[in-house]
Amino acid sequence: MTQKQRRAVHDLTDLSLLLAALVVGYLGSRLSRHGPVRLFKDNTNMVWALAALQRTQPDPAIEEALRHFLDGYERLLWNAGRVRQAVEDDGSVFRLIPAAFSLDLLCDLAEMGIEPPRTLALARAVADELLQRQWSSGAFPVADDEARDHLDVSTDVAVALWKLWELTSDPRYADAAHRSWCSVQETHWTPHGLVLSVDPAGASVDDRITVKYQSLALKSAVLWRSRGSIYGDHSLWSVLRDR
């Protein structure tokens, strides 16, 4: 067999393996009991879209869909506050992103009347997991196994905690939010802008200056200057939302 022929056979084998993997993956997703599920941003953005439509044109079918999502979230992803990003996650490692944005979503659903007692109970469990992990600097680690924070998520998790404070009047949540925002200003600042990530001591571990995150970090200043309530001012709520 010539070298050209061997290469052709090798390429054909690689293609066959790739096609086989695609077929197995497709069949697995079709036959799986739950299917491939990601919480953020796939489900969260869809539910926020439904919630926005419900606010504009209330419909019993949309309300039922939101309740149905809440059932699935609690059963498959909530994990007693240690939120899973995907159904397939074992839930052993706490991760900031699914926790932060599900907390934000739960607060919005509770505020609009989707089973408030139940929804707030789920939100409190998530928030309590967050508070257990907040560093002395005020920042939150992106995961139990990663000793770094994230500029953008630090801002958004604090907005979610502030919302929970408005809904529950529990001062722990407002205090945690304020400390998170202060940590961003105290540990991320450089003459060139806010760096992406720092460690528990405030030392930079990712010094990239991401342009879009510079303006998004101003959310805390917008809220602080407004002296208003996120849920009492729809324009303020709209400015502070992530999506």
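Heads up: the structure comes first, above all this text.
Everything in this summary refers to the structure shown in the same document. (Residues numbered from 1 in each chain as written. Predicted model: local features only at pLDDT ≥ 70, side-chain atom pairs only at ≥ 80, totals over all residues. Heavy atoms only, no water.)

## Some thoughts on the overall build of the chain
When its secondary structure is counted, the chain shows ten helices and four strands. For the chain, the N- to C-terminal ordering of α and β elements is α-α-α-α-α-α-α-β-β-β-β-α-α-α. Per-residue burial for the chain yields a buried fraction of 43% across its 243 residues. For the chain, the share of sequence-separated contacts (at least 6 apart) that also reach a separation of at least 24 residues comes to 63%. (Helix = DSSP H or I, 4+ residues; strand = E, 2+ residues; numbered from the N terminus. Buried < 20%, exposed > 50% of the residue type's maximum accessible area, 1.4 Å probe, protein only. Contact = heavy atoms within 4.5 Å.)

## Concerning the packing of helix α6 (residues 151-168) against helix α7 (residues 171-187)
As a packed pair, α6 and α7 sit with axes 8 Å apart at the nearest point and diverge in direction by 160°. With respect to their mutual orientation, α6 and α7 come out roughly antiparallel. The hand of the α6/α7 crossing is left-handed. Across from Leu151, Ser154, Thr155, Val157, Ala158, Val159, Leu161, Trp162, Leu164, Trp165 and Thr168 in α6, the residues of α7 making contact are Pro171, Tyr173, Ala174, Ala176, Ala177, Ser180, Trp181 and Val184. Within the contact of α6 with α7, the residues separate by chemical class into 15 nonpolar, four polar and no charged. (Axes fitted to C-alpha atoms, helices over the stretch in contact; angles between N-to-C directions. Parallel < 35°, antiparallel > 145°, perpendicular 65-115°, else oblique. Left-handed = near helix turned anticlockwise from the far one by under 90°. Nonpolar A, V, L, I, M, F, W, Y, C, P; charged D, E, K, R; others polar.)

## Looking at helix α2 (residues 39-56)
Between its first and last C-alpha atoms α2 spans 24 Å; for 18 residues at 1.5 Å apiece the expected length is 26 Å, and the two agree. Considering only its buried residues, α2 is in contact with α3 (60-78) and α4 (96-111). (Expected span 1.5 Å × (residues − 1).)

## Observations concerning the pattern of salt bridges
In a structure, side chains of opposite charge can pair up when their charged atoms sit close to one another. What the rule picks out here adds up to 20 salt bridges. Of the charged contacts, one joins arginine 133 and glutamate 129 as a salt bridge, the two residues approaching to 2.7 Å between their closest N and O atoms. Remark: glutamate 129 and arginine 133 occur in helix α5 (residues 116-133); sequence separation between them is four residues, near one turn of the helix. Each of Glu63, Arg67, Asp71, Glu74, Glu115 and Arg118 takes part in salt bridges that share partners, so that together they form one network. (Salt bridge = Lys/Arg side-chain N within 4 Å of Asp/Glu carboxyl O.)

## A word on the nonpolar core
In this structure, Tyr73, Leu103, Val126, Leu130, Leu161 and Leu164 are the most contacted members of the largest nonpolar core, which totals 55 residues. Looking at which element gives the most residues to this core, the answer is α4, with ten residues. (Core = buried A, V, L, I, M, F, W, Y, C linked by side-chain atoms within 4.5 Å.)

## Points about the environment of threonine 119
When you line up the elements, threonine 119 lands in helix α5. Contact partners of threonine 119, with chain neighbours within four places excluded, come to Leu70, Leu106, Leu109, Ala110 and Ile114.

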